[in-house]
Number of protein chains: 2
Amino acid sequence: MRNCARRSRARWPLSSLTLSTFGGEDIAAMDDRHRVFFVNALTGFKPASLVGTRGPDGQDNLAVFSSVVHIGANPPLLGLVSRPSSVRRHTLENITATGAYTVNHVHSGIVAAAHQTSARYNEGVSEFDAVGLSPEYSERLKAPYVAESRLRIGLEHRQTVDIELNGTHLVIGEIVEVQVDEGAVAEDGWIDLGALDSVTVGGLDAYYQARRLARFSYAKPDRPLRELD
Amino acid sequence: MRNCARRSRARWPLSSLTLSTFGGEDIAAMDDRHRVFFVNALTGFKPASLVGTRGPDGQDNLAVFSSVVHIGANPPLLGLVSRPSSVRRHTLENITATGAYTVNHVHSGIVAAAHQTSARYNEGVSEFDAVGLSPEYSERLKAPYVAESRLRIGLEHRQTVDIELNGTHLVIGEIVEVQVDEGAVAEDGWIDLGALDSVTVGGLDAYYQARRLARFSYAKPDRPLRELD
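Residues numbered from 1 in each chain as written. Chains lettered and ligands numbered in written order. Predicted model: local features only at pLDDT ≥ 70, side-chain atom pairs only at ≥ 80, totals over all residues.

Let us look at the overall build of chain A. Counting its regular elements, chain A contains five helices and 15 strands. Each principal axis of the C-alpha atoms in chain A carries an extent, and together these give about 60 × 50 × 35 Å. For chain A, buried positions account for 50% of its 229 residues. A fraction of 57% describes how many contacts in chain A between residues 6 or more apart in sequence connect residues 24 or more apart. (Helix = DSSP H or I, 4+ residues; strand = E, 2+ residues; numbered from the N terminus. Buried ≥ 20, exposed ≤ 12 C-beta atoms within 10 Å, placed from the backbone. Contact = placed C-beta atoms within 7 Å.)

So, on to the relation of the copies chain B and chain A. Note on the copies: chain B fits chain A at an RMSD of 0.0 Å, the axial shift is 0.0 Å, and the rotation between them is 180 degrees. The symmetry that links the two subunits is that of a two-fold axis. Residue Ala210 of chain B of chain B places its C-alpha closer to the rotation axis than any other residue of that unit, at 2.2 Å. Most of the interface of chain B is mirrored in chain A, where 100% of its interface residues are also at the interface. (Least-squares fit on C-alpha atoms with pLDDT ≥ 70 in both.)

Our focus in this paragraph is the interface of chain B and chain A. Facing 112 residues of chain B, the contacting portion of chain A comprises 112 residues. Sorting elements by how many residues they give to the side of chain B that touches chain A places strand β14 (residues 206-216) of chain B first, with eleven residues. Looking at side-chain class alone, the side of chain B that touches chain A contains 58 nonpolar, 35 polar and 19 charged residues. Relative to strand β12 (residues 168-181) of chain B, strand β2 (residues 18-23) of chain A runs antiparallel, the two being bridged by five bridges. Residue pairing for β12 of chain B: Phe22 of chain A is matched across the bridge by Val178 of chain B. (Nonpolar A, V, L, I, M, F, W, Y, C, P; charged D, E, K, R; others polar. Pairing = 2+ DSSP bridges.)

Residue and element names in this part refer to chain A. Of all the positions in helix α3 (residues 89-98), only Thr91, Leu92, Asn94 and Ile95 are classed as buried. For α3, the arc enclosing every buried residue in end-on projection is 165 degrees, short of the 170-degree limit, so these residues lie on one face. Contacts from the buried residues of α3 go to β4 (49-54), β5 (60-65), β7 (76-82), β8 (100-105), β11 (151-163) and β12 (168-181). (Arc of directions from axis to C-beta.)

Residue and element names in this part refer to chain A. Cis peptide bonds are those with omega within 30 degrees of zero, and the linkage from Asn74 to Pro75 qualifies with 0 degrees. Of note, Pro75 is situated in the loop between β6 (68-73) and β7. In this structure, Asp197 takes a positive phi of about 65 degrees despite not being glycine. Note on placement: Asp197 falls in the loop between β12 and β13 (200-202).

On to the pairing of β11 of chain A, then. Residues and elements named next belong to chain A. Examined bridge by bridge, β8 and β11 share five bridges and lie antiparallel to one another. Bridged to Asn104 within β11 is Arg152. The sheet contact formed by β11 and β12 spans twelve bridges and is antiparallel. Residue pairing for β12: Val161 is matched across the bridge by Leu170. If you look at the hairpin formed by β11 and β12, you'll find four residues sitting between the two strands, and Gly167 has a positive phi there, around 75 degrees.

With that settled, consider the confidence of the model for chain A. Averaged over all residues, the pLDDT of chain A is 91; the fraction at 70 or higher stands at 91%. The complex prediction reports pTM at 0.92, with the ipTM value standing at 0.92. (pLDDT = per-residue confidence, 0-100.)

On to helix α2 (residues 32-42) of chain A, then. Of all the residues in α2 of chain A, the buried ones are Val36, Phe37, Phe38, Val39, Asn40, Ala41 and Leu42 of chain A. Where α2 of chain A is buried, its residues meet α1 (24-29) and β13 of chain A together with β6 (68-73), β7 (76-82), β11 (151-163) and β12 of chain B. Phi turns positive one or two residues past the end of α2 of chain A, at Gly44 of chain A, with a value near 90 degrees.

Okay, structure coming up:
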């Protein structure tokens, strides 16, 4: 690791910035836990989601994920990156077996309960019961929603893409139902995640609340941005 | 669209929640722009990143992305979801041609400049010049960093996974360098994205600032969570 005190060449006004530089070899030399904390934060802010599934035996399962990613709007597709070796493999097994799962936004009132779902509970324990959240069922879906969540997405599994580089999987589902607090949906379809109090994750274990800075107009080369309401 | 006024069965204390329900057929019936706004917000909070590349002709390119996703820590891998048809195809072409790119966190001071990079500038225009950000070069990498960014990641392209469902691509790179404001890195490796003022995106065009709620200990079935400093 080199510490490089440097002057910014920025045209944008910046207070002085003191950067630490880590090369690939520095990251490889970190101990495992240190590396996991470090690299998981590099991605930037991630969504905090509870993924609900039901096993073929009828057992409900709930697990916190921070790797939900937008794949496309038409058809509406969401991706989920998952490691096969993690405690969350029940989620993957259930998705593969039943084809159904839910993605539920976490808000500040349920953030500790959401994090607690990452504990390795024994088979036969529903994380809903263990952490004090309530399953809620829809006619459309063989998977439980989180009743406390203010934005819940019901999905049907479409494809799992294997990422051979490191044995992870990109699980892709199509959105078949959305339940959302009605005050948060704008006239043009945009949903204000701040109004929902959806939280965001930094790294593995830190949760943040978000305050809106600005919503901008569609950018054009020859026109300044406007702020939308 | 049905509006379902319902009572929450939550054990968690909740004020009354009034949900709107959208089925898959409601989403399919939205006009394109409405659907794009709606579905892009469903994912939850996303990272705001500027991706820097240099073309084989030496032309620098900069584009805002909100689809960076953690793939793994060892080796350290980041993914980026991209549509082939978007203006950001220059980014994909350059990554494929040179194998090098950078991911730079956006903070509140450069959020408008970052959004402006999404305008369709003519070939031969560097978005750095057009929006007033400064390229900065490292010996390790044939791609420009954003000098104004407080967390910059240098990557080497490893694999592009085609997602046949909708023609998107998951571009995966290995992290070969990290430059980060040194005060934001904790002793255990975790990086406080709030201290960096990294911003987060809700939907396509709304930017949010994050305030830390809590960092939690590793969850165990039989032990209450502790808050870490």
